[in-house]
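Residues per chain are reported as follows:
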Amino acid sequence: NHRGIMVDPPVHSTRVLESFNINPKHIQALLITHCHADHDAGALQKIVQEGRITVYTTHTVLSSFVNKYSQLTGMDAATFRRMFDHVAVRTGEPMTIHGAAVTFNYSLHSIPCMGFEVTFRGKGLVYPSDTLNDPDAIRALEEQGVLTADRTKQLLEFPWHHHLIL
């Protein structure tokens with residue numbers, strides 16, 4: 001629909017878009033899955049370069065993002081937080097973003113990290129982000145008491161049915 005969302009943008013992603021003749025202004029939102037530099041450094045750059053932008057993420061990931069980059073930039077957290085709009089996403093609850101149906105879930109990673117499933121015009125995509133997707137390891141974590149039975153079930157029921165898995 002001529003409106004883009006960048007997911008976990010790398011540094012200099014604006015230049016990459018321009019090299020493909022994509023106007024960076026068509027990217028009106030960011031989706032940040034977690035706060036490791038390979039997933040969020042381009043978000044800081046986009047916020048600073050492009051001005052007002054919408055950031056989709058959970059409250060937990062947002063808190064980490066604001067804490068990390070307010071310290072890195074030397075801005076107080078409140079000032080940094082006012083540089084963008086935040087739309088809170090909730091795991092397990094479908095929402096509509098730019099006409100697409102998106103459902104978020106937490107991945108299994110060393111820090112809070114979310115993945116998502118999206119459907120648009122009859123096509124589906126799943127982006128698990130960084131996650132452990134080893135059924136034996138997941139079951140072992142449940143046996144050790146690290147994961148609940150419900151969490152184990154959610155992790156083992158990976159949505160392999162989508163048209164595209166990233």
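Presented here is an overview of the structure given in this document.

What counts and what doesn't
Residues numbered from 1 in each chain as written. Predicted model: local features only at pLDDT ≥ 70, side-chain atom pairs only at ≥ 80, totals over all residues. Heavy atoms only, no water. Pairing = 2+ DSSP bridges. Helix = DSSP H or I, 4+ residues; strand = E, 2+ residues; numbered from the N terminus. Axes fitted to C-alpha atoms, helices over the stretch in contact; angles between N-to-C directions. Expected span 1.5 Å × (residues − 1). Buried < 20%, exposed > 50% of the residue type's maximum accessible area, 1.4 Å probe, protein only. Arc of directions from axis to C-beta. Contact = heavy atoms within 4.5 Å. Salt bridge = Lys/Arg side-chain N within 4 Å of Asp/Glu carboxyl O. Polar contact = N/O pair within 3.5 Å; in protein donor to acceptor, adjacent residues only side chain to side chain. Parallel < 35°, antiparallel > 145°, perpendicular 65-115°, else oblique. Nonpolar A, V, L, I, M, F, W, Y, C, P; charged D, E, K, R; others polar.

Some words on the sheet that holds strand S3 (residues 54–57)
So, point 1. As summarised here, the arrangement of the 4 strands in space is S1-S2-S3-S4, forming an open sheet in which the pairing is parallel. Each end of this open sheet is capped by a strand with a single partner; those strands are strand S1 (4–7) and strand S4 (85–88). Taking the axes of each pair of neighbouring strands and ignoring which way they run, one obtains an average angle of 30° across the sheet.
So, point 2. Two elements, strand S2 (residues 27–31) and S3, share 3 bridges in a ladder whose sense is parallel.

Section: helix H3 (residues 59–73)
So, point 1. Spanning 15 residues, H3 covers 21 Å between terminal C-alpha atoms, matching the ideal 21 Å at 1.5 Å per step.
So, point 2. Considered for burial, the residues of H3 that qualify are Val61, Leu62, Phe65, Val66, Tyr69 and Ser70. Seen along its axis, H3 keeps its buried residues to an arc of 145°; they face one direction.
So, point 3. The secondary structure elements touched by the buried residues of H3 are helix H2 (37–50), S3, helix H4 (77–81) and S4.
So, point 4. Glycine 74 occupies a position one or two residues after H3 and carries a positive phi of about 80°.

A look at the pattern of salt bridges
So, point 1. Applying the stated criterion across every chain, the model contains 5 salt bridges.
So, point 2. As a salt-bridge pair, lysine 68 and aspartate 40 come within 3.1 Å of each other at their nearest N and O atoms. Note that lysine 68 is positioned in helix H3 and aspartate 40 in helix H2, a separation of 28 residues in sequence.
So, point 3. Classification of aspartate 40 as buried rests on a relative accessible area of 0%.
So, point 4. For arginine 90, the salt bridge is made with glutamate 93, and the minimal N-O distance between the two is 3.1 Å.

Side note on the side chain of threonine 57
So, point 1. When you line up the elements, threonine 57 lands in strand S3.
So, point 2. The class of threonine 57 is buried, set by a relative accessible area of 1%.
So, point 3. Within the structure, threonine 57 has its side chain in polar contact with the backbone oxygen of isoleucine 32 (distance 2.7 Å).
So, point 4. With near-sequence residues (within four places) excluded, threonine 57 lies in contact with Ile32, Leu62, His86, Val87, Ala88, Val89 and Met114.

Side note on the packing of helix H5 (residues 135–143) against helix H6 (residues 149–156)
So, point 1. The contact between H5 and H6 brings their axes to 10 Å, and the two run at 175°. Relative to H6, H5 is oriented roughly antiparallel. Contact residues: Pro135, Ile138, Arg139 and Glu142 in H5; Ala149, Thr152, Leu155 and Leu156 in H6.
So, point 2. For the contact of H5 with H6, the residue count by class is 5 nonpolar, 1 polar and 2 charged.

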